[in-house]
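# Examining the three-dimensional arrangement
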Amino acid sequence: MAIVTREKQVNSSTIQINKQPPGLSTLSVHGGELRQKASHALTDSIVCASTYSFENTDAVIEYIVQKQERGEYGRYGNPNERTVEKKLAAMEGTERAVLFASGMAALTGLLMAKLNAGDEIIFFDECYHRSREFCARDLARFGVVTHQVKTGDFAAMEGAINERTKLLVSESPTNPHLSIIDLEQFAALGKRCNVETLIDATLATPFNIRPVDYGINYVLHSATKYLGGHNDLLAGVVLGSAESLASVERLRGIMGGINSAHNCYLLQRGLKTFQLRMQRHNENGLAIAKFLETHPAVEHVYYPGLASHPQHELASRMMKGFGGLVTFELKAKEWTAAARVVDACRVFRIAPSLGGVESLIEQPFVMSYFNLTADERKKFGIPDNMIRIAAGIEDSADLITDLEDALEAQRA
Ligand SMILES: Cc1ncc(COP(=O)(O)O)c(C=O)c1O
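As the structure is a computational prediction, the values presented were derived from the model and not from experiment.

Attention now moves to the overall build of the protein chain. Per the secondary structure count, the protein chain includes 16 helices and twelve strands. Compactness check: the protein chain gives a C-alpha radius of gyration of 22 Å against a globular reference of 22 Å for 412 residues, within 12% of the reference. Across its three principal directions, the C-alpha atoms of the protein chain cover 75 × 60 × 40 Å. Going through the 412 residues of the protein chain one by one, you find that 46% of them count as buried.

What follows is the structure in structure tokens.
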């Protein structure tokens, strides 16, 4: 009997099933992967190489002239990283993904590649505090000016645009306030004013929001969060057109913010269960938000899936689900009351970050804003009694019981 080998390498991101494009879960399992892998293994090998060899000088020249996709030197890429990039691009619906060693490496890499001295960028002001810090303290040293306008105030953003403006930046949802940006309006503003747009969709993921469907130019994720999903790796990714990301990839090769092969494999493995995890994160986030909203010790809950959220209608239009991040404020105003709730939890773990299978809890005032003055915290909308929850994938009944007990302990 003849042994038939199928050596043809299939990039699953192009698979057509019944002439329909594959769904997100199929892409997260198969997208970007070769059908036939080394040693006939079903799974990818981790390629531990800092450098790659050539057969002879002709092969080196051929590689350079033909811009072949193969290894040269580890700082410029590795096979595991390229596989994950293709998978992520397929899931996001973009031509290209450029993977970095962390979300911040992705953001700083994109901004450094795209901006020149004298350029200006405009941020909606509810954003990850390190992104704000990088722009205010570091980009400024290279002559790039950052403006911040109130989140969702499109008139203020348009008013701040001038001929030097190169990029409009926002998160959606924002962290930790869970505000939602009208992506249609955001993309339209950029197009009208001839300025590119960037959405950090870390909290939404491609399961809940697809910014490119609205015409956003760049999507960024801290893949440390839901994409990796297991609190065991750092990674970041910028997605967009191949043309617009060529300069980002080039600069990454110089600045060296590439992820290791081991890390890329972990990310690829985590992505296989992405859709299942996201469904549970969404369910748990909503269940917790609904529970907190009715609790007598709770003053306010920020969660776009609640009908009481001021942008619930917009969120329902833009998002498939609302994610696992839930922020709330206690009726008790002292920071020590919130600390008692955090400390009393037995299932939730006290830690920064979000998007992993383990549920986390933290007090933003203590975890991220402790060294700021009361005025600065007020400006950034971080009250002392605010608590942020990152719902994992445990049973929602256990998470709710844990919170119920912790809220009771605070009142005792
Ligand atoms: C919305 C958002 N963007 C970017 C980042 C930075 O990602 P990383 O920690 O992977 O550098 C974070 C980290 O918390 C974040 O919450």
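Take helix 3 (residues 79-92) next. Here helix 3 is 14 residues long and its end C-alpha atoms lie 20 Å apart, about the 20 Å a rise of 1.5 Å per residue gives. Burial analysis of helix 3 places 13 of its 14 residues in the buried class, the great majority of the element.

Moving on: the nonpolar core. Counting residues in hydrophobic clusters, the biggest one holds 104 residues, and the most contacted among them are Leu110, Val237, Val238, Leu267 and Val326. For this core, the two domains that each supply at least three residues are domain 1 (73-270) and domain 2 (274-411). Beyond its immediate chain neighbours, meaning those up to four positions away, Val238 contacts Val98, Ala106, Leu110, Tyr218, Leu220, Leu245 and Val248.

It is common to give the size of an interface as the accessible area lost on bringing the parts into contact. Parsing the protein chain into structural domains produces domain 1 (73-270) and domain 2 (274-411). For domain 1 versus domain 2, the separation of C-alpha centres amounts to 25 Å. With three residues, the single largest contributor to the side of domain 1 that touches domain 2 is helix 8 (residues 205-208). Of the residues belonging to the side of domain 1 that touches domain 2, the class tally is eleven nonpolar, nine polar and two charged.

With 20 residues, helix 11 (residues 274-293) should reach 28 Å at 1.5 Å per residue; the first-to-last C-alpha distance of 28 Å fits that figure. Those residues of helix 11 that fall on the buried side of the exposure criterion are Phe274, Arg277, Met278, His281, Asn282, Asn284, Gly285, Leu286, Ile288, Ala289 and Leu292.

Looking at where Tyr214 falls in the secondary structure, it is placed in the loop between helix 8 and strand 6 (218-222). Considered as a pair, Tyr214 and Leu107 are 107 residues apart in the sequence and their alpha carbons are 21 Å apart. When near neighbours in sequence (up to four residues on either side) are disregarded, Tyr214 contacts Leu183, Glu184 and Ala187.

Attention now moves to the sheet that holds strand 11 (residues 360-362). Ordered in space as 8-9-12-11-10, the five strands form an open sheet in which the pairing is mixed. Each of the sheet's edge strands pairs with one partner strand only, and the pair in question is strand 8 (298-302) and strand 10 (349-350). Bridge count for strand 11 against strand 12 (residues 386-390) is three bridges, and the pairing is antiparallel. The residue bridging Leu360 from the neighbouring strand is Ala390, located in strand 12. Sheet strands in contact with helix 11 are strand 8, strand 9 (325-330) and strand 12, and its direction is about 15 degrees off that of strand 9. Relative to strand 12, helix 13 (residues 335-344) is tilted by about 25 degrees, and along the sheet it contacts strand 9, strand 10, strand 11 and strand 12.

Moving on, we get to the sheet that holds strand 6. Taken in spatial order, the seven strands make up an open sheet running 1-7-6-5-4-2-3, and their pairing is mixed. Only two strands of the sheet have a single partner each, and these edge strands are strand 1 (96-100) and strand 3 (145-149). Averaged over all adjacent pairs, the angle separating strand axes in this sheet is 20 degrees, with direction ignored. Across five bridges, the pairing between strand 2 (residues 120-124) and strand 3 is parallel. Note on strand 3: the bridge partner recorded for Phe124 is Val149. Sheet contacts for helix 3: strand 1, strand 6 and strand 7 (236-240); angle to strand 1, the most-contacted strand, approximately 130 degrees. Each of strand 4 (165-171) and strand 5 (196-200) is contacted by helix 7 (residues 183-192), which is oriented at about 150 degrees to strand 5, the strand it contacts most.

Right, let's get into the site of the ligand. For the ligand, the set of nearby residues contains 13 residues, the closest of which are Ser102, Gly103, Met104, Ser222 and Thr224. For the shell around the ligand, the class distribution of residues is four nonpolar, seven polar and two charged.

What counts and what doesn't
Residues numbered from 1 in each chain as written. Predicted model: local features only at pLDDT ≥ 70, side-chain atom pairs only at ≥ 80, totals over all residues. Helix = DSSP H or I, 4+ residues; strand = E, 2+ residues; numbered from the N terminus. Rg over C-alpha atoms; globule rule 2.2 N^0.38 Å. Buried ≥ 20, exposed ≤ 12 C-beta atoms within 10 Å, placed from the backbone. Expected span 1.5 Å × (residues − 1). Core = buried A, V, L, I, M, F, W, Y, C linked by C-beta atoms within 7 Å. Domains from an automatic or database assignment. Contact = placed C-beta atoms within 7 Å. Nonpolar A, V, L, I, M, F, W, Y, C, P; charged D, E, K, R; others polar. Pairing = 2+ DSSP bridges. Axes fitted to C-alpha atoms, helices over the stretch in contact; angles between N-to-C directions. Near = placed C-beta within 6 Å.

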